[in-house]
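Topology and contacts: notes
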Amino acid sequence: MEKIVEQALLYDFYGELLTEHQKQIFEDHVLNDLSVSEIAENRGISRQGVHDMMKRCDKILRGYEEKLHLIEKFLKTKEKVAAINRLANLMKDGDEEKKQQYIEEIETVSRGILEDF
């Protein structure tokens, strides 16, 4: 996964657990695409301070994911929902025997989603 997308996902899931100052710097860098120099100038801190804060935030957010696995579960569920959607679309054109097969596959995939939680 591209680093920026990964950081944005981490922030979406766990960003509220950061301090306000951490959130502002992380948002400026990841979501607003500001450089370390721009953030340092805007916030009145050193470039090294911004760099250290970004590393700290990244470590904190990754730590939450390592413990909670919410993003991992979200991505797996998203894949399974896409599979259900694909099977539902195939049902539209299938004969009765195929439709029954697709229904069974949908039930299997949906059971997997429920068991994951």
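Refer to the structure presented above.
Our subject in this report is the structure included herewith. No experiment lies behind these values; they were computed from the predicted model shown.

What to know about the packing of aromatic side chains
On inspection of all chains with the given rule, the structure shows four aromatic pairs. Taking 5.6 Å as the distance between ring centres and 20 degrees as the angle between the ring planes, the aromatic pair formed by Tyr-11 and Phe-26 counts as stacked. Of this pair, Tyr-11 sits in helix H1 (residues 3–14) while Phe-26 sits in helix H2 (residues 20–31), and the two are 15 residues apart along the sequence. You'll find Tyr-11 and Phe-26 in the same group, each marked buried. By way of ring pairs, the aromatic residues Phe-13, Tyr-14, Tyr-64 and Phe-74 are connected into one cluster.

Considering the environment of Leu-90
Relative to the elements of secondary structure, Leu-90 occurs in helix H5 (residues 70–91). On the basis of relative accessible area, Leu-90 is assigned to the partly exposed category, the value being 36%. Sequence-wise, Leu-90 and Lys-73 are 17 residues apart; in three dimensions their C-alpha atoms are separated by 26 Å.

Points about helix H4 (residues 47–68)
Residues spaced three or four apart along an α-helix point in a common direction, a consequence of the helix completing one turn every 3.6 residues. Over its 22 residues, H4 runs 32 Å from end to end, which matches the ideal 32 Å to within 8%, given 1.5 Å per residue. Looking at the buried positions of H4, the neighbouring elements they touch are H1, H2, helix H3 (36–43) and H5. Just beyond H4, the residue with positive phi is His-69, at close to 60 degrees.

Let's talk about the packing of H1 against H4
At a minimum axis separation of 10 Å, H1 and H4 run at an interaxial angle of 70 degrees. The orientation of H1 relative to H4 falls into the category roughly perpendicular. In this structure, H1 meets H4 at a crossing whose hand is left-handed. Contacts between H1 and H4 pair Glu-6, Gln-7, Leu-10, Tyr-11 and Tyr-14 from the former with Met-54, Asp-58, Leu-61, Arg-62, Tyr-64, Glu-65 and Leu-68 from the latter. Its residues placed into classes, the contact of H1 with H4 shows seven nonpolar, one polar and four charged.

Here we look at the side chain of Gln-7
Relative to the helices and strands, Gln-7 is located in helix H1. According to the relative accessible area criterion, Gln-7 is buried, its value standing at 6%. The residues contacting Gln-7, other than those within four sequence positions of it, are Phe-26, Val-30, Met-54 and Asp-58.

What counts, and at which threshold
- Residues numbered from 1 in each chain as written.
- Predicted model: local features only at pLDDT ≥ 70, side-chain atom pairs only at ≥ 80, totals over all residues.
- Heavy atoms only, no water.
- Phe/Tyr/Trp six-rings, centres within 6.5 Å; stacked < 30°, edge-to-face > 60°.
- Helix = DSSP H or I, 4+ residues; strand = E, 2+ residues; numbered from the N terminus.
- Buried < 20%, exposed > 50% of the residue type's maximum accessible area, 1.4 Å probe, protein only.
- Expected span 1.5 Å × (residues − 1).
- Contact = heavy atoms within 4.5 Å.
- Axes fitted to C-alpha atoms, helices over the stretch in contact; angles between N-to-C directions.
- Parallel < 35°, antiparallel > 145°, perpendicular 65-115°, else oblique.
- Left-handed = near helix turned anticlockwise from the far one by under 90°.
- Nonpolar A, V, L, I, M, F, W, Y, C, P; charged D, E, K, R; others polar.

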